[in-house]
Amino acid sequence: MKRNLGLGIETSCDESSLALFNIDTGIFVYEKTLTQIQAHAKYGGVVPNIASKLHLSLVSQILDEMRLEIPDWTSHIQWVAATTRPGLITSLLVGGVLGRSLAAFLQVPFIPIDHCEAHMYSPLIQEGGATQIDWEDIKKETPLVALIVSGGHSYWIKLSEDLEAKCIGTTRDDAVGECYDKVARMLGLGYPGGPIVEKLSLEGNAQAISLPLPMPQGIDFSLSGLKTAVKRQVDQQTTPLSKTFQTNMCAAFQKCIEDLIAKKTETCIQEHRPKSLWFSGGVSANQRLCRTVASVCTRNQVVFKGVPRKYAGDNASMIAYLGHLKYKLNPEIKPQDVGIVPYSVFSKS
Ligand code: KG4
Ligand code: ZN
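Along each chain, residues carry numbers from 1 onward, in the same order as the chain's sequence is written. Chains carry letters from A onward and ligands carry numbers from 1 onward, assigned in written order. Totals for whole chains, interfaces and linings use every residue, but because this is a predicted model, local features are given only for residues with pLDDT of at least 70 and side-chain atom pairs only at 80 or more, for both listing and counting. Heavy atoms throughout the structure, all of them, feed into the side-chain values; hydrogens and water do not.

Observations regarding the environment of His 40
Segments assigned H or I by DSSP are reported as helices when at least four residues long, segments assigned E as strands when at least two residues long, and all are numbered from the N terminus. Within the secondary structure, His 40 is located in helix H1 (residues 37-41). Between the C-alpha atom of His 40 and that of Pro 192, which follows or precedes it by 152 residues, the distance is 9.2 Å. Not counting the four nearest positions on each side in its chain, His 40 is found in contact with Asp 14, Gly 45, Val 46, Val 47, Ile 50 and Ala 51. Think of a polar contact as two N or O atoms within 3.5 Å of one another; within protein, one of them needs to be a possible hydrogen donor and the other a possible acceptor, and neighboring residues in sequence only count if both atoms come from side chains. A polar contact is formed between the side chain of His 40 and the side chain of Gln 36, at a distance of 2.9 Å. In this analysis, two residues are considered to be in contact whenever any of their non-hydrogen atoms come within 4.5 Å of each other.

As structure tokens, then:
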């Protein structure tokens, strides 16, 4: 029996997701993500207790569906990869324990995955698969910088020619996605905020509201000032908020984030001279932001790589793909080596 499948598991936040990656062809032969958004929306954010309980039932549901579609998948497993950090601990445990137990049962290696690192490499995934399935391919793009912007994290990572990753910038307070979510909540627009703010911004007039552009030195972000400025303006309105105010505020906020990311991208390119720039994380689903970053790259002759919308948010395909890359680096990994990620560029502990 040929062992040519890798299993990816993602349960770090509010998406329950499993994917099977065919190592020989670079194709995802199974991908399923069940979102919990509906369950958390009424609370305006993710409720950890509800998330972990839902992961238990949704992951079981996906496993059942996967068995129906690919009855003999367990016989082909070469390794199992699961997100082990960062995230909600009780949610991480569902996928982590499932992954470790499956790996132990099948007597194959378990590969613990850092969620942010998986986002970082997700621009190499195309719809249904990945063409760059070797580190040698990736080396050709170095030195590169990756901008990862999600609900909980904002990172600039530099990958050198010898594949050494270094964190070169982050946020001093809120993550970019977190700020979208908080602004949406202040405007009474629901959760998650990013897609709603992006949509409404198209109907509003960004010039109608003036917001301060937070611009700390270098490439770090700082968003608490912008968030406070939005709150102040919301507090001055009579409730319920008018549709015009909501759309204008979304347009002004979206414009601020675009200007901020454009400026930081420009600075990053000037300072670090990358050959290519990868843009990923849930916020990178924002089409206007994507176009903004891409145009700064084009202007500076830097190759831009974004993530197909399907893979911008949390998904197990990016976990399986990074599992594959990690396994290529160290195929000697033994089942007993299983442990928490020993070191991550995103967290030194
Ligand atoms: O990567 P992700 O799915 O989960 C985390 O790792 O946090 O990112 C989720 C974040 C949320 O804050 C959500 O509002 C934001 O990504 N997001 C967006 C858009 N779609 C999702 N932000 C801006 N524009 C979007 N279209
Ligand atoms: Zn994420």
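Observations regarding the side chain of Ser 201
Looking at the element boundaries, Ser 201 is found in helix H7 (residues 193-201). On the basis of relative accessibility, which here comes to 3%, the residue Ser 201 falls in the buried class. Every residue in contact with Ser 201, bar those within four places of it in the chain, is listed here: Thr 247, Cys 250, Ala 251, Gln 254 and Arg 288. Buried means the residue's accessible area, taken with a 1.4 Å probe over protein chains only, is under 20% of the maximum for its type, while exposed means over 50%, and partly exposed covers the values in between.

Side note on the coordination of the zinc ion (ligand 2)
Metal donors: N, O and S atoms at distances within 2.8 Å, or within 3.2 Å for Na, K and Ca, with water omitted from the atom set so that some sites may seem incomplete. Protein coordination of the zinc ion (ligand 2) is provided by His 115 (NE2), His 119 (NE2) and Asp 314 (OD), with donor distances spanning 2.0 to 2.1 Å. When the donors of the zinc ion (ligand 2) are listed by position in the chain, the intervening gaps give H-x3-H-x194-D. Remark: His 119 and His 115 occur in helix H4 (residues 115-121); sequence separation between them is four residues, near one turn of the helix. We note that His 115, like His 119, is buried.

A closer look at helix H9 (residues 243-272)
Relative to the 44 Å expected for 30 residues at 1.5 Å per residue, H9 spans 43 Å between its end C-alpha atoms, a close match to the ideal helical length. Buried residues dominate H9, accounting for 22 of its 30 residues. Looking one or two places after H9, you find Arg 273, whose phi comes out positive at around 45°. Given a helix with a known number of residues, its expected span is that number minus one, times 1.5 Å.

Some thoughts on the layout of surface pockets
Its volume calculated, the largest pocket comes out at about 1200 Å³. We place a 1 Å grid over just the protein atoms. Points where a 1.4 Å probe fits but has no way out form a cavity, open points with protein on both sides within 12 Å along at least 5 of 7 lines form a pocket, and any residue with an atom within 4 Å of a point lines it. Contributing to the lining of the largest pocket are 45 residues, with Asp 14, Gly 151, Asp 181, Tyr 191 and Pro 192 lying nearest its centre. Taken together, the elements giving at least two residues each to the lining of the largest pocket come down to strand E2 (15-22), strand E3 (27-35), H4, helix H6 (176-186) and H7. Of all the elements, H6 adds the most residues to the lining of the largest pocket, at six residues. As a working rule, the residues Ala, Val, Leu, Ile, Met, Phe, Trp, Tyr, Cys and Pro are called nonpolar, Asp, Glu, Lys and Arg charged, and the rest polar, with Gly in that last group. Across the lining of the largest pocket, the residue classes tally to 14 nonpolar, 19 polar and 12 charged. Grid points are joined across faces, edges and corners, and a volume is the space filled by probe spheres set on the points.

Details of the site of ligand 1
Working definition: residue near molecule or strand if any one of its non-hydrogen atoms lies within 4 Å of it. What surrounds ligand 1 is a group of 19 residues, the closest being Gly 151, Asp 181, Gly 194, Glu 198 and Asn 286. In this structure, an oxygen atom belonging to ligand 1 sits 3.0 Å away from a main-chain N or O atom of Gly 194. Accessible areas in this description were obtained via Shrake-Rupley with a 1.4 Å probe; residue shielding takes into account the shown protein chains only. Here ligand 1 has 550 Å² of accessible area as a free molecule, and 88% of this is covered by the chains. A pocket or cavity is taken to hold a molecule when more than half of that molecule's atoms are within 2 Å of the pocket's grid points. Mapping ligand 1 onto the cavity grids shows that it belongs to the largest pocket. Mapped onto the shell around ligand 1, the elements with two or more residues apiece are H4, H6 and H7. Ranked by the residues each element gives to the shell around ligand 1, the list is headed by H7, at four residues. Residues that form the shell around ligand 1 fall into these classes: five nonpolar, 11 polar and three charged.

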